[in-house]
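Chain residues, written in single-letter form:
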Amino acid sequence: MAVFRPSARKWRRRQFPTKPDALAFTRRLVQAAKLRSRRPVTVPSISRIWPEDGASPQDIALHSAAPLRPSPFPCVPEEPLVAPANWRDLPKTLAKPEFPEIKPEFVAAAQPEYEGLSPRYIRSSWAHIGYKAMGIYRKLYLDPPKTGLPEGYNLILTDSGLATGATHIFGVYPYPSSETPDPAARRRACPSLRREVCLYPTHAVIWAAYCSKLPMIPMKPTKLKVFLDPRPGARRASVLRLPIVPIAMPYPPTFFIVMQFVYNFRKSSFVNMVLPCAGYGLPQDHLVDPPTEVTMPLYAEALAKEYDLPHLCRLAKNVHGTYQNMVALGVVENRMWDALKYAWETVLAAMECAEKANLKEVEL
């Protein structure tokens, strides 16, 4: 029976290995690095990141596959707008200032396909297109001496998130302190000061149709790369690089409330988010809104039962902060201002009910 013997050439290679070629070895290292870079990125399941059950209004980023979810702002601010004893010093109404008109060239710059459409038509019909506000994608922290944002940022999105077609990222940060408006002076006064910047993927064209104080936000080319996960049942993710637009706001915690109205055009959603109440909520919008004299007393009584006067003063900061943001943006849509007026009058009526309830308890 024949016995298998390796060839002499193979035997010589095993016994006497030759000296490795430096150029070939370097080439193999480069090829291995390329193979590693082409391996698909493991994308976690969305159900483990943003569960739909019991999600808060700000956890709407269901189209994102980012591994980290930023904590949303609390529904009730931690600090009150005024002391409970001074709530009657608040203004009865929040007046809408005079704003310049929306510039059609700003709308065309943000989305050239919308050239020729009136801003009012874009605002009223945007909710029927099907786009949804994605909410906070990530929070960045700028440490001194850094004062600027990067020009672009990478979003990790699923196919449904990619279909939303976001064109820009708004980097929302608070106004600088009025005491030290100069960045260099702030760094000297507070060396450890960190500026929190919230990133909101969005469509610049709808903001150009709503806000008269925003600068021109031109359309810029985006970069897209798709990653496939070979595991069975895994999701595919896309990395989309979008330009960042820095937006300074007087009260960033309620920026998403304005953003939500910009996308859905719903007064009920706006009021229910700025005045969260488990016992009552404004009915969904219809062709004809329900009478204010019917819904407002019910809403105010429910708020007074759920919150005491100090908590209502904290809710008032939600409404007033949203008002400040709308003024800073130059929102021209009257329906949003009607919703803000309703929320402000409701929280004042709730304070009145809470104070009367306190007086009755003292008399007893």
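Note: the structure precedes this text.
Residues numbered from 1 in each chain as written. Predicted model: local features only at pLDDT ≥ 70, side-chain atom pairs only at ≥ 80, totals over all residues. Heavy atoms only, no water.

*Asks:* Any chance you could explain the environment of Gly148 here in plain terms?
*Replies:* In this fold, Gly148 is placed in the loop between β1 (138-142) and β2 (152-157). Since its relative accessible area comes to 47%, Gly148 is described here as partly exposed. Separated by 98 residues in sequence, Gly148 and Pro246 have C-alpha atoms that sit 8.7 Å apart. (Helix = DSSP H or I, 4+ residues; strand = E, 2+ residues; numbered from the N terminus. Buried < 20%, exposed > 50% of the residue type's maximum accessible area, 1.4 Å probe, protein only.)

*Asks:* Looking at this structure, how should I read the pairing of strand β6 (residues 237-249)?
*Replies:* Burial analysis of β6 places 10 of its 13 residues in the buried class, the great majority of the element. Here β2 pairs with β6 via 6 bridges, running antiparallel. In the sheet register, Ile156 faces β6, and the bridge partner there is Val239. As judged from the 6 bridges shared by strand β3 (residues 168-174) and β6, these two strands associate in the parallel manner. Residue pairing in the sheet places Pro174 in a bridge with Met249 of β6. (Pairing = 2+ DSSP bridges.)

*Asks:* Sorry, what's going on with the nonpolar core here?
*Replies:* Nonpolar side chains tend to gather and get buried jointly when the protein is soluble and globular. Counting 77 residues, the largest nonpolar core has Tyr200, Trp207, Leu329 and Met351 as its most contacted members. Looking at which element gives the most residues to this core, the answer is helix α12 (residues 334-363), with 12 residues. The residues touching Tyr200, leaving out its near neighbours within four places in the chain, are Phe73, Gly135, Ile136, His168, Ile169, Phe170, Val172, Pro252, Phe255, Phe256 and Met259. Core analysis: the second largest hydrophobic core is formed by 15 residues, Leu142, Leu157, Ala166 and Ile244 among them. (Core = buried A, V, L, I, M, F, W, Y, C linked by side-chain atoms within 4.5 Å. Contact = heavy atoms within 4.5 Å.)

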